[in-house]
Amino acid sequence: MVADRPVLAVRGLSRIHGPACPSCRDLTGDAAGTNVCPRCGSVVAVADVAFDLWPGEILGIMGESGSGKSSVIRLIHLDDQVTAGSAVFREHDGTEHELATTGEETARRLRDTRFGMVHQNPHLGLNYLVSAGGNIAERLLCSGERSFQAIRDRALGLLTRTEIPPGRIDHQPRQFSGGMQQRLQIARALAPRPELLLLDEVTTGLDLSVQARILDLILEIQRELGVAMLVVTHDLGVVRLLAGRTLVMRHGRVVESGLTDQILEDPQHPYTQQLVMSAL
Amino acid sequence: MSETCTEPSRTTSSPSASLETRHSKLETPAPVLTVAGLAKTFTLHHQNKSIPSVAGAGFTVSAGRLTALIGPSGAGKSSVLKCIYRTYLPQTGSMVLHGADGDLDLATCSEHAALRVRAREIAYVTQFLHCLPRQGTVDVVAAPLVALGSTRDAARAAAEERLRELDLPARLWDVPPATFSGGERQRVNLARGLVHRPRLLMLDEPTASLDRRSADLVVAAIHAAKAAGVAILAIFHDPDLVAALADDVVQLTRPEVPCAA
Amino acid sequence: MSQATTRAANPAADRFGFLDDFAVREIRRGLLKALAIPGYQVPYASREMPVARGFGTGGMQITLAIALPGDVLKVIDQGADDSVNAVALRRFITAACPELATTTSTAEATLIQTRHRTPERPLTARQLMVYQVPYPDPLQIVEPSEAKRRRMHAYGDYARLWVKLYEDVVRWHEVALSNRYPARVHGRYVIDPSPIPRWDLPKLHRSRAMHLFGAGREKKLYAVPPFTDVVPLAFDDVPFQVERFCDAAGRRHRCQTCGTDDTYLDEIPLPDGTRRWLCNDQDRCAERMSHGR
């Protein structure tokens, strides 16, 4: 599915924690081998990240701990403040939002209705005080749904779609297995029919068979709904399976970007080569 | 480093080949892909090594014609295909895909454009079937059409048609191909490559390790694709197949390994 | 407020009402702000009262700040003028405001302080209602942090409250709140209308009177101006319902004193096992009796 404009156009995206000084960028990064500026002590979590995400596409962001990949997701999801750069989100109807400077009210609206986020740890993404159905209802209510039956029907539909037995709609999330909690997160993320789905290490820590089912589910959803997705992972297998294009990040910078199979079979950057060679 | 474009008249051992080539010579074949000066070297940073893979290749692939790449092992035949498909990044050269909307140099186009070309224009069939695990055969074959926006039912119908042409029994259609024999998997592979009617089909030893019957089915499918106007770039391990199917033959030689990295 | 102008024009009235000038001005300014932003909880410095917190200090401070000589005061507690708390409050207020008249008649009152009920008799434009409020914030049941609640109100984010209603409907097929039913005021803020029963909530909607809410312990003031929309939160397909007071056969109970069937009733179990149903609003019942229905 191709359109003429990207859903997300990111240029020079940066996030620095701390006072920041003019040398921060030059003294950190891949060449310097560190995120911490030796002069002012600021942590350069992300610097000069640029990419486009097209409608219906899955972009993988790969890297190890400290690479800045989760920070990028947090910045896009408006959970953190951009220090510098631009990230333009384009809605289906053509409205554009500059995420770097958006106000709180617009940020809430985007998070509630246009974005879906799935965390590695379900405790970050689920409300454990309400039922599974209540978790999905919460998202629908945020986007203005006021019919009880419509909410109920959609919740049942989403549970079925994510292969959670619909009979468990009124159970508490803490009664679910880890894999099922992840699937509930996915159901909740999809509730308002978002245009952008952000997946942060969603299968890390899960059993292999559970992982497989969730990855299959993500692919099916992508096929059916054509949602654009950013998939953050450190797992080469996940990125090979899901993403058409991939960014490789290290020390807050993008060191390589390309088609996923090219990154894995013909890596250009020394770090990418090392990563690919390290795969089990 | 030398490339030779040999005229098919040299391989007149197969009468059908000359009939076919005479037939294709009568129409002006439209060029689909023009490769020029293609070279690829692998740089392994950690071992401090530079390994040349393709030492300069140039040729044209036209609609309804099959161009065969021949040469010794290590000459970079598979690498050329991978460069065109953007799995490898070439160091120099151009790979221009000609289309109704204009020309696109695959060597320099954006990733997004490359993905688009893969989805719509080019199919790449190797001797290994790489597919999503846990997906039934029909869905594996239908996947390229679904990705282009076709409904699942229409895509499955087209997929079943392709599988029927390649004589894959219906009882296997909903089974994931992981447990199939080599011949069966290759037929699934080729069916998937043809289902979305690409303009350019690239084949990397499609009949290697196949039994006679499967190989014949594959050859028949290739003939049909040619007749339908698909441009084909192929590597065959069997010179008889080259003789039988190729309209143009391109010879590649092993690149020289530099003395120092 | 014409009474405010009268008070300002009458300097002798300054010492009237127990509270000092600064307190009176602060509460009045707070009330003006509350009226200007219907449903918004205005924080204020709630004063020490000679009555413990939790016994109506919020309502009392409002009454003392806005009462003027010439006002006619009615104080009720659960619909009764003669309950202990109502009597105690009325005595204190009249002691602090010597020229204030008192009444038990809703029709005659200009200022009505109440705990947990709104009078049955429709109010007029001359009347002010003052509610004693224990918990001013409807979001308190879903969010313990006041800082977070303020942000939720600011952004109109009541989703967590709606989820509670959803969970109630799932479990009970209706919203399981008998009182303190959350309602949206003027299409914007959601208020806790104090522990008035559901029965009374529709009376706030486009009322001719002004409704003022004071929470002394929680130190908040809020208001519903006259002719303002007050809409209970309800799903489109699970409408808001008031108490029905019907027996098992579906017949509406009547007050055993005055015989009417259109008031909020108290259910009184008797020693012999039977039940008696009586109007909760004492004055309304008396009014009906004296007029012979």
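It should be emphasised that the depicted structure is a prediction, and the values quoted were computed from it without experimental measurement.

Colleague: Just checking my understanding: could you explain the interface of chain A and chain B for this structure?
Modeller: Of the residues lining the interface, 25 residues belong to chain A; the matching set on chain B comes to 26 residues. Applying the counting rule to chain A against chain B returns 5 salt bridges. We note a salt bridge from Arg134(B) to Asp216(A), for which the minimum N-O separation is 2.6 Å. Along the contact surface separating chain A from chain B lie 12 residue pairs in polar contact (both at pLDDT 80 or more). Put simply, the parts of the chain that give the side of chain A that touches chain B at least two residues each are α8 (208-225), β10 (253-259), α10 (260-265) and α11 (270-277) of chain A. Of the residues assigned to the side of chain A that touches chain B, the class counts are 10 nonpolar, 8 polar and 7 charged.

Colleague: Mind showing me how you'd approach the side chain of Ser194(C) here?
Modeller: Structurally, the position occupied by Ser194(C) is in the loop between β7 (189-191) and α7 (201-204). Residues in contact with Ser194(C), not counting those within four places in the same chain, are Tyr131(C), Gln132(C), Val133(C), Arg180(C) and Tyr222(C).

Colleague: Would you mind showing me how to read the packing of aromatic side chains here?
Modeller: The relation between two aromatic rings is expressed through the spacing of the ring centres and the mutual angle of the planes. For the coordinates displayed, the defined rule picks out 13 aromatic pairs over all chains. Measuring from centroid to centroid gives 4.9 Å for Tyr181(C) and Phe240(C), while their planes differ by 70 degrees, and the two rings are edge-to-face. With Tyr181(C) in the loop between α6 (159-172) and β6 (183-185) and Phe240(C) in the loop between β10 (230-232) and β11 (265-269), this pair connects stretches of sequence that are 59 residues apart. Taking the centre distance of 5.2 Å and the plane angle of 85 degrees together, the rings of Phe245(C) and Tyr264(C) count as edge-to-face. Of this pair, Phe245(C) sits in the loop between β10 and β11 while Tyr264(C) sits in the loop between β10 and β11, and the two are 19 residues apart along the sequence. We classify Tyr264(C) as buried; its relative accessible area is 18%. Taken together, the aromatic side chains of Phe148(A), Trp162(C), Tyr166(C) and Phe235(C) make up a single cluster linked through ring pairs. The ring of Tyr189(C) has Arg188(C) lying over it, and the distance from NZ or CZ to the ring centre is 4.2 Å.

Colleague: What is the right way to look at the nonpolar core in this model?
Modeller: Note on soluble globular proteins: their nonpolar side chains tend to be buried together. The biggest cluster of nonpolar side chains holds 88 residues, and the ones touching the most others in it are Ile136(A), Ile218(A) and Phe235(C). One finds Val141(B), Ala159(B), Leu172(B) and Phe236(B) within the second-largest nonpolar core, a separate group that totals 42 residues.

Colleague: Explain the pairing of strand β2 (residues 31-44) of chain B here, please?
Modeller: Moving residue by residue along a regular strand, the side chains alternate between the two faces of the sheet. All names here are of chain B. With 11 bridges joining them, β2 and strand β3 (residues 49-62) adopt antiparallel strand pairing. Across the sheet, Thr41 pairs through a bridge with Pro52, a residue of β3. What sits between the antiparallel neighbours β2 and β3 is a turn of 4 residues, in which Asn48 has the positive phi angle 55 degrees.

Colleague: Help me out: how do you make sense of the interface of chain A and chain C in this one?
Modeller: At the junction of the two partners, chain A supplies 20 residues and chain C supplies 15 residues. Roughly 1,600 Å² of surface becomes buried between chain A and chain C when both sides are summed, with 63% attributable to carbon and sulfur atoms. For chain A, the biggest contributors to the area lost against chain C are Arg108(A), Arg146(A) and Phe148(A); these three give 41% of the whole. Seen at the junction of chain A and chain C, the total is 2 salt bridges. Note that Arg108(A) is salt-bridged to Asp157(C), the shortest N-O span being 3.1 Å.

Colleague: Sorry if this is basic, but what is going on with the sheet that holds strand β9 (residues 245-250) of chain A here?
Modeller: Strands belonging to one sheet form pairs held by backbone hydrogen bonds; the direction of such a pair is parallel or antiparallel. Taken together, the 6 strands give an open sheet; going across it, the order is β6-β7-β8-β3-β9-β10 (chain A), and neighbouring strands pair in mixed fashion. Where the open sheet ends on each side, the last strands, each with one partner, are β6 (115-118) and β10 of chain A. Here the strands of the sheet are splayed against their neighbours by 15 degrees on average, with no regard to which way each runs. Here 5 bridges tie strand β3 (residues 58-63) of chain A to β9(A), and the two strands are oriented parallel to one another. The partner of Leu59(A) across the bridge, within β9(A), is Arg245(A). Across the face of the sheet, α8(A) comes into contact with β3, β7 (196-200) and β8 (228-233) of chain A while running at roughly 160 degrees to β8(A). In the packing of helix α3 (residues 111-120) of chain B onto the sheet, contacts are made with β9 and β10 of chain A, and the angle to β10(A) comes to roughly 25 degrees.

Colleague: Honestly, α6(C) in this entry has me stumped. Any pointers?
Modeller: Here α6(C) contains 14 residues, and its C-alpha end-to-end distance of 20 Å stays within 8% of the 20 Å for a straight helix at 1.5 Å per residue. The set of residues buried in α6(C) consists of Ala159(C), Leu161(C), Trp162(C), Val163(C), Leu165(C), Tyr166(C), Glu167(C), Asp168(C) and Val169(C). Buried residues along α6(C) sit against α5 (132-142) and α6 (148-161) of chain A together with β6 and β7 of chain C. Remark: His173(C) follows α6(C) within two positions and exhibits a positive phi of approximately 65 degrees.

Colleague: Could you clarify how one ought to interpret the sheet that holds strand β1 (residues 42-43) of chain C in this entry?
Modeller: Residue and element names in this part refer to chain C. Pairing is mixed in the open sheet, where 7 strands are placed in the order β1-β9-β8-β5-β4-β2-β3. Across the chains shown, the open sheet's two edge strands, defined by having one partner strand only, are β1 and β3 (101-102). As paired elements, strand β2 (residues 72-77) and β3 share 2 bridges and run parallel to each other. Residue pairing across strands places Leu73 opposite Thr102, the latter belonging to β3.

Colleague: How should I be thinking about the pairing of strand β4 (residues 84-90) of chain A in this particular structure?
Modeller: Residue and element names in this part refer to chain A. Sheet topology places strand β1 (residues 8-17) next to β4; 5 bridges connect them, and they run antiparallel. Bridging from a neighbouring strand, Arg11 pairs with Ser86 of β4. Counted along the chain from β4 to the antiparallel partner strand β5 (residues 96-98), the turn is 5 residues long, and its residue Gly94 has a positive phi close to 100 degrees.

Colleague: Just checking my understanding: could you explain helix α7 (residues 212-227) of chain B for this structure?
Modeller: Residues and elements named next belong to chain B. Over its 16 residues, α7 runs 23 Å from end to end, which matches the ideal 22 Å to within 8%, given 1.5 Å per residue. Among all positions in α7, only Ser214, Ala215, Leu217, Val218, Val219, Ala221, Ile222, Ala225 and Lys226 are buried. Where α7 terminates, the next one or two residues include Gly229, which has phi positive at roughly 95 degrees.

Colleague: I would appreciate a short explanation of the state of the cysteines in the present structure.
Modeller: Throughout this description, disulfide means a covalent bond between two cysteine sulfur atoms. Going through the model one piece at a time under the given rule, you end up with 0 disulfides over all chains. Distance from the sulfur of Cys40(A), which forms no disulfide, to the nearest cysteine sulfur (Cys24(A)) is 3.3 Å.

Colleague: I'm lost on the side chain of Thr28(A) in this one. Help?
Modeller: With respect to the helices, strands and loops of the structure, Thr28(A) is situated in the loop between α1 (24-27) and β2 (43-53). Apart from the residues within four sequence positions on either side, Thr28(A) is in contact with Thr34(A), Asn35(A), Val36(A), Cys37(A), Val44(A) and Arg253(A).

Colleague: Just to check I follow, could you spell out the packing of α5(A) against α6(C) for this structure?
Modeller: The angle between the axes and the distance between the axes are what describe a pair of packed helices. Remark: α5(A) packs on α6(C), axes separated minimally by 9 Å, with the N-to-C direction vectors making an angle of 135 degrees. By the angle between their directions, the pair α5(A) and α6(C) is classed as oblique. Relative to α6(C), α5(A) is oriented so that their crossing is right-handed. Between α5(A), through Gly133(A), Gly134(A), Ala137(A), Glu138(A), Leu141(A) and Cys142(A), and α6(C), the contact on the second element is made entirely by Ala159(C), Arg160(C), Trp162(C), Val163(C), Tyr166(C) and Glu167(C). Residues of the contact of α5(A) with α6(C), tallied by class, amount to 7 nonpolar, 2 polar and 3 charged.

Rules and cut-offs
- Residues numbered from 1 in each chain as written.
- Chains lettered and ligands numbered in written order.
- Predicted model: local features only at pLDDT ≥ 70, side-chain atom pairs only at ≥ 80, totals over all residues.
- Heavy atoms only, no water.
- Contact = heavy atoms within 4.5 Å.
- Salt bridge = Lys/Arg side-chain N within 4 Å of Asp/Glu carboxyl O.
- Polar contact = N/O pair within 3.5 Å; in protein donor to acceptor, adjacent residues only side chain to side chain.
- Helix = DSSP H or I, 4+ residues; strand = E, 2+ residues; numbered from the N terminus.
- Nonpolar A, V, L, I, M, F, W, Y, C, P; charged D, E, K, R; others polar.
- Phe/Tyr/Trp six-rings, centres within 6.5 Å; stacked < 30°, edge-to-face > 60°.
- Buried < 20%, exposed > 50% of the residue type's maximum accessible area, 1.4 Å probe, protein only.
- Lys NZ or Arg CZ within 6 Å of the ring centre and 35° of its normal.
- Core = buried A, V, L, I, M, F, W, Y, C linked by side-chain atoms within 4.5 Å.
- Pairing = 2+ DSSP bridges.
- Buried area = accessible area lost by both parts, 1.4 Å probe.
- Axes fitted to C-alpha atoms, helices over the stretch in contact; angles between N-to-C directions.
- Expected span 1.5 Å × (residues − 1).
- Disulfide = S-S within 2.5 Å.
- Parallel < 35°, antiparallel > 145°, perpendicular 65-115°, else oblique.
- Left-handed = near helix turned anticlockwise from the far one by under 90°.

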